[in-house]
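Next come the chains, spelled out residue by residue.
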Amino acid sequence: MKIALVGNPNTGKTSLFNKLTGLNQKVGNYPGITVDKKTGTCKIEPGQKAQIIDLPGTYSLNANSRDEEIVAEVLTSPGHEDYPDAVVVVADASNLRRNLLLFTQVYDLGIPVVLALNMVDILDKRKILIDLEGLSQHFNVPVIRLNARKGIGIDKLKEVLKTELEAPSFKIFKAKEIDSNLLNASNEVLGKDDDYRSWLIANSPLYSLLTPEERSGIEKLRSDLKLNPARNRVQETVRRYKYIDGIIDQFVEETNKGYRDISEKLDAIFTHKVWGLLIFLGLLTLIFQAVFSWATWPMEMIEALFANASEWVVHYLPKGAVAELLADGILPGIAGVLVFIPQIAILFAFIALLEETGYMSRVVYLMDRLMRPFGLNGRSVVPLLSGMACAIPAVMATRTIESWKERLITIMVTPFMTCSARLPVYTIIIALVIPKERLFGFLNLQGLVLMAMYLFGFLMALLAALAFDRILKAQRRGYLILEMPAYKLPHLRNVGITIFQKVRSFVFEAGKIIIAISIILWIGARYGPADRQAEAIADLESRKSELQLSEAEFEARKAAVSLEHSYMGIFGKSIEPAIEPLGYDWKIGIALIASFAAREVFVGTMATIYAVGDTESELTVKEHMAKDINRETMLPRYTLAVGISLLVFYALAMQCMSTLAVVYRETKGWKWPIIQFTYMSGLAYVLSFIFYQLFK
Amino acid sequence: MMSILGNMNWQDLVVVIALLASLTYLFRRFRISFSKEGDCSAGCGCASSEIKKNLEKR
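Values in this document were obtained by computation on a predicted structure and should not be read as measured data. (Residues numbered from 1 in each chain as written. Chains lettered and ligands numbered in written order. Predicted model: local features only at pLDDT ≥ 70, side-chain atom pairs only at ≥ 80, totals over all residues. Heavy atoms only, no water.)

## Describing the overall build of chain B
Working step 1: From N to C terminus, chain B includes three helices and zero strands.
Working step 2: Every one of the 58 residues in chain B was classed for burial, and the buried ones make up 41%.
Working step 3: On chain B, roughly 3,600 Å² of surface is accessible, and the fraction owed to carbon and sulfur atoms is 67%. (Helix = DSSP H or I, 4+ residues; strand = E, 2+ residues; numbered from the N terminus. Buried < 20%, exposed > 50% of the residue type's maximum accessible area, 1.4 Å probe, protein only. Areas by Shrake-Rupley, 256 points an atom, 1.4 Å probe, with all protein chains shown as cover.)

## Overview of the overall build of chain A
Working step 1: Looking only at helices and strands, one finds 32 helices and 13 strands in chain A.
Working step 2: Counting the 696 residues in chain A, one finds 58% classified as buried.
Working step 3: Sequence separation of 24 or more characterises 74% of the internal contacts of chain A that already satisfy a separation of 6 or more.
Working step 4: Per element, the accessible surface of chain A, about 29,300 Å² overall, is 59% carbon and sulfur. (Contact = heavy atoms within 4.5 Å.)

## Things to note about the packing of aromatic side chains
Residue and element names in this part refer to chain A.
Working step 1: Considering all chains together, one arrives at 21 aromatic pairs over all chains under this definition.
Working step 2: With 5.5 Å between their ring centres and 85° between their planes, Phe270 and Tyr359 make a pair best called edge-to-face. Placement of the pair is Phe270 in helix α11 (residues 262-270) and Tyr359 in helix α16 (residues 359-371), with a sequence separation of 89 residues.
Working step 3: The exposure class assigned to Tyr359 is buried, which follows from its relative accessible area of 4%.
Working step 4: Measuring from centroid to centroid gives 6.4 Å for Phe691 and Phe695, while their planes differ by 10°, and the two rings are stacked. Pair noted here: Phe691 and Phe695 are both in helix α32 (residues 671-695), with a separation of four residues, about one helical turn.
Working step 5: Classification of Phe695 as partly exposed rests on a relative accessible area of 40%. (Phe/Tyr/Trp six-rings, centres within 6.5 Å; stacked < 30°, edge-to-face > 60°.)

## Topic: the pattern of salt bridges
Residue and element names in this part refer to chain A.
Working step 1: By the definition in use, this model includes 16 salt bridges over all chains.
Working step 2: Across the pair Asp54 and Lys13 runs a salt bridge whose closest N-O atoms are separated by 2.7 Å. Note that Asp54 is positioned in strand β4 (residues 48-54) and Lys13 in helix α1 (residues 13-21), a separation of 41 residues in sequence. Pair check on accessibility: Asp54 and Lys13 agree, each one buried.
Working step 3: A salt bridge links Glu541 to Lys558, with the nearest nitrogen and oxygen atoms 3.4 Å apart. (Salt bridge = Lys/Arg side-chain N within 4 Å of Asp/Glu carboxyl O.)

## Focus on the side chain of Asn494(A)
All names here are of chain A.
Working step 1: Note on placement: Asn494 falls in helix α22 (residues 492-526).
Working step 2: Among the polar contacts listed, one links the side chain of Asn494 to the side chain of Ser15, at a separation of 3.2 Å.
Working step 3: Here Glu356 takes part through its side chain, which lies 3.1 Å from a polar atom of the side chain of Asn494.
Working step 4: The contacts of Asn494, once residues within four sequence positions are left out, are Ser15, Asn18 and Glu356. (Polar contact = N/O pair within 3.5 Å; in protein donor to acceptor, adjacent residues only side chain to side chain.)

## Describing α1(A)
Quick reminder: α-helices carry 3.6 residues per turn. Residues three or four places apart thus point the same way.
Working step 1: Judged by how many residues are buried, α1(A) sits mostly within the fold: seven of nine residues are covered.
Working step 2: One or two residues past the end of α1(A) sits Gly22(A), with phi positive at roughly 60°.

## Structural notes on a nonpolar patch on the surface
Residue and element names in this part refer to chain A.
Working step 1: Taken together, the side chains of Leu640, Tyr685, Val686, Phe689, Ile690, Leu694 and Phe695 define a hydrophobic patch exposed on the protein surface, amounting to about 630 Å² of accessible area.
Working step 2: It is α32 that contributes the most residues to the nonpolar patch, six residues altogether.
Working step 3: Locating Leu640 in the fold gives a position in helix α30 (residues 640-652).
Working step 4: A relative accessible area of 39% means that Leu640 is categorised as partly exposed. (Patch = residues over 30% accessible without salt bridge, like charges linked within 9 Å, V, L, I, M, F, W, Y side chains within 5 Å.)

## What to know about empty space enclosed by the protein
Residues and elements named next belong to chain A.
Working step 1: Taken as a whole and assessed by the stated rule, the structure comprises four cavities of 30 Å³ or more.
Working step 2: Of the volumes computed, that of the largest cavity is approximately 210 Å³.
Working step 3: What lines the largest cavity is a set of 18 residues, and nearest its centre among them are Pro332, Ala335, Leu619, Thr620 and Val621.
Working step 4: Those elements giving two or more residues to the lining of the largest cavity turn out to be α13 (296-316), α14 (321-338), α28 (601-612) and α29 (621-626).
Working step 5: Of all the elements, α14 adds the most residues to the lining of the largest cavity, at five residues.
Working step 6: Along the lines of polarity and charge, the residues of the lining of the largest cavity split into 11 nonpolar, five polar and two charged. (1 Å grid on protein atoms, 1.4 Å probe; cavity = no way out; pocket = protein on both sides within 12 Å on 5 of 7 lines; lining within 4 Å. Points joined across faces, edges and corners; volume = space filled by probe spheres on them. Nonpolar A, V, L, I, M, F, W, Y, C, P; charged D, E, K, R; others polar.)

## Structural notes on the side chain of Ser77(A)
Working step 1: Here Ser77(A) lies in the loop between α2 (66-76) and β5 (86-92).
Working step 2: From its side chain, Ser77(A) meets the backbone oxygen of Glu73(A) in a polar contact 2.5 Å long.

## Examining the nonpolar core
Residue and element names in this part refer to chain A.
Working step 1: The biggest cluster of nonpolar side chains holds 130 residues, and the ones touching the most others in it are Phe602, Tyr638 and Leu646.
Working step 2: A total of 14 residues in this core trace back to one element, the largest contributor, which is helix α21 (residues 445-472).
Working step 3: Among residues more than four places away in sequence, those in contact with Leu646 are Ile429, Tyr584, Ile588, Leu592, Phe602 and Tyr638.
Working step 4: Formed by 57 residues, the second largest nonpolar core is a distinct cluster that contains Leu61, Val113, Leu200 and Leu227. (Core = buried A, V, L, I, M, F, W, Y, C linked by side-chain atoms within 4.5 Å.)

## A look at the packing of helix α7 (residues 180-190) of chain A against helix α8 (residues 195-202) of chain A
All names here are of chain A.
Working step 1: Across the interface, α7 lies against α8 with an axial gap of 9 Å and an inter-helix angle of 90°. It follows that α7 is roughly perpendicular to α8 by the angle criterion. Between α7, through Leu182, Leu183, Ser186, Asn187 and Leu190, and α8, the contact on the second element is made entirely by Asp195, Ser198, Trp199, Ile201 and Ala202.
Working step 2: Residue composition of the contact of α7 with α8, by class: six nonpolar, three polar and one charged. (Axes fitted to C-alpha atoms, helices over the stretch in contact; angles between N-to-C directions. Parallel < 35°, antiparallel > 145°, perpendicular 65-115°, else oblique.)

## Notes on the environment of Lys558(A)
All names here are of chain A.
Working step 1: Tracing the backbone shows Lys558 in helix α25 (residues 551-564).
Working step 2: A relative accessible area of 22% places Lys558 in the partly exposed class.
Working step 3: With 18 residues separating them along the chain, Lys558 and Leu540 place their C-alpha atoms 7.3 Å apart.
Working step 4: Excluding its chain neighbours within four sequence positions, the residues that come into contact with Lys558 are Ile537, Leu540 and Glu541.

## Some points on the confidence of the model for chain B
All names here are of chain B.
Working step 1: Taken residue by residue, chain B gives an average pLDDT of 63. The fraction at 70 or more is 43%.
Working step 2: Element-level mean pLDDT values for chain B span from 40 in helix α3 (residues 49-57) up to 84 in helix α2 (residues 10-34).
Working step 3: Within the model, pLDDT remains below 50 along residues 38-58, and this stretch shows 63 contacts once partners closer than five positions in the same chain are excluded.
Working step 4: Across the whole predicted complex the pTM is 0.67, and at the interface the ipTM reaches 0.72. (pLDDT = per-residue confidence, 0-100.)

## Here's the deal with the pairing of strand β6 (residues 113-118) of chain A
When a strand is regular, its side chains alternate between the sheet's two faces.
All names here are of chain A.
Working step 1: Burial within β6 is extensive, with six of its six residues counted as buried.
Working step 2: Across the two faces of β6 the burial is the same, with Val113, Leu115 and Leu117 and Val114, Ala116 and Asn118 all buried.
Working step 3: In terms of strand pairing, β5 meets β6 through six bridges, oriented parallel. Bridging across to β6, Val89 finds its partner in Leu115.
Working step 4: Once you follow β5 into helix α3 (residues 96-108) and on to β6, the crossover reads as right-handed.
Working step 5: One ladder, built from three bridges, connects β6 with strand β8 (residues 143-145); its direction is parallel. The partner of Ala116 across the bridge, within β8, is Ile144. (Pairing = 2+ DSSP bridges. Right-handed = clockwise from strand over helix to strand, strands pointing away.)

Right under this line is the structure:
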């Protein structure tokens with residue numbers, strides 16, 4: 001049995017989904033508000049499981065964007081793999097009028113439906129009375145009171161889903177009354193006698209599930225009948241609201257109309273143009289302080305664990321290539337992934353908390369105001385903010401922007417937003433070059449620099465948008481319709497699920513790439529042209545007495561010489577002249593090149609290179625990097641100037657193969673990904689050069 | 001070819017297998033990324049295991 005959850009955005013649909021499915025969830029790739037297509041299983045009675053599909057949030061089946069289209073597509077296509085046996089329409093009980101629009105549309109599709117009135121706790125506070133029994137009898141469908149966050153009403157919902165639900169008994173919207181010719185013609189093209197389905201398909205510009213014959217038939221009838229879909233949709237909406245107004249009059253009673261609840265009072269501060277921004281900046285400071293301060297000891301524990309494991313491997317495994325691969329390639333690679341779990345978990349815990357409380361919508365509102373002068377569309381705000389997690393879903397979420405130019409600008413600047421893959425790179429460089437000091441006795445300086453990097457990325461996105469706006473001359477017509485959900489206490493279970501999903505994805509998705517690259521790098525760093533490596537080592541051996549080094553120092557020098565003459569060393573040295581003006585040596589150069597696959601590869605690469613080029617396997621990558629000496633200046637390799645130059649490079653360069661792939665798919669060609677790669681990486685090179693020369 | 005393999009000890013062989021496995025994995029990963037349906041390999045939590053499975057089935 002398949003059950004689809006449908007509802008307006010911010011009605012608590014995801015909370016209900018989490019409550020029904022627990023951890024039995026699979027995340028797919030529907031783009032949009034929650035970006036993902038989520039499916040899961042729910043035990044509705046012993047021996048009977050239902051598949052639950054969490055469809056993207058939408059206000060109407062008259063789709064305007066790809067994510068809304070998915071909902072319409074699934075519900076109007078009995079051949080679709082997700083076509084449900086029943087639909088649960090999750091409605092915000094305190095906003096029933098608006099939520100009933102979608103309900104009446106689903107109802108007219110003739111699929112068995114349950115109306116779940118969520119967030120009923122707000123009803124009591126606002127003193128709104130809804131006659132559930134009356135509503136249920138009127139529509140002849142089950143109507144359930146729900147508080148999904150607290151789990152109230154879930155059992156009742158499961159009980160209802162157990163029973164055989166009946167298809168709706170009448171049609172609310174009679175499409176034939178508006179245009180009977182259109183209905184007759186489209187019913188014929190689609191081979192159906194289902195007025196509302198045919199109406200939706202005929203008036204939608206989107207539908208991708210039609211056969212080529214159906215598509216050409218619909219297009220022909222649109223031109224034959226000189227169809228005006230926009231006018232038809234408006235007519236449908238107006239008629240439905242007229243009907244809904246009657247329902248509200250009949251079944252809803254509001255006894256305290258002047259009531260101003262706590263959410264409205266809080267919004268007066270949180271969305272204030274000065275206080276709102278200051279509070280947001282304060283929250284950001286808190287988050288980045290926490291990312292640096294709270295994660296220290298678990299990170300040190302993980303680092304120490306892997307450093308010990310490498311040492312154990314060197315001592316106890318039979319000497320040879322496998323032991324070296326494990327100690328210097330795979331284990332540092334795995335450590336380079338796992339060590340960032342605490343920080344990723346803390347960052348996403350905060351993001352999930354902000355989303356759960358409803359504060360994120362206020363951030364979108366504040367950002368909208370901030371972004372407008374830079375030529376960014378109101379609808380660009382959501383993709384840009386979701387770019388703080390990852391640019392890929394963010395680029396996909398730009399599908400909600402109707403204007404192509406505005407969408408293109410958003411796609412082109414989104415990768416400047418600081419994604420979670422930059423976090424490991426920033427953390428390690430900041431820890432190396434920024435002193436562990438406190439400002440005013442309580443502000444961690446490293447945390448402040450991390451926050452500055454996030455703001456730098458955001459600022460660059462705004463400036464690049466302004467430049468693109470001038471070049472592409474986009475007409476700004478887009479606007480953002482944003483609903484402010486009521487503030488809620490966060491549900492820790494939902495926060496936990498978000499953290500679990502993000503960490504799992506980081507470890508298993510990014511982790512596999514990092515380990516694969518670490519293995520390849522180790523082999524490239526361990527082996528080289530046999531004669532060149534042997535010659536270099538022989539030369540060093542011949543100078544052993546004049547070098548006056550201890551045995552341990554001599555072994556370390558030997559490892560370094562061998563690395564310099566390995567395949568990786570030769571390659572690194574060949575690119576060194578190009579990166580020297582930015583303050584980088586060939587080792588950083590290799591990490592830089594490897595990071596073009598994915599940024600987070602940086603740490604694993606450095607770990608492998610330093611492990612091969614040194615004999616002290618018990619050191620962590622940070623310790624290796626800290627003790628690296630620039631042989632020309634005899635100063636530490638990672639000075640403040642080199643650190644800042646690297647931070648700027650990673651903030652700006654387009655180092656993510658997967659993002660380029662998604663831009664290629666979304667813009668349907670190579671032109672824009674190539675432009676994006678070139679301008680971002682060129683900017684990174686130039687600004688890193690300037691910053692290095694300034695701070696040198 | 002046989003003489004190269006003959007000169008290898010088991011440890012070298014493991015390294016060669018690891019290298020081939022890594023290269024194959026990366027190649028497949030990026031081929032999927034640039035394929036029509038695509039997939040994400042970043043650590044954002046949006047990666048679609050279902051799409052991967054579908055592509056593998058094909």
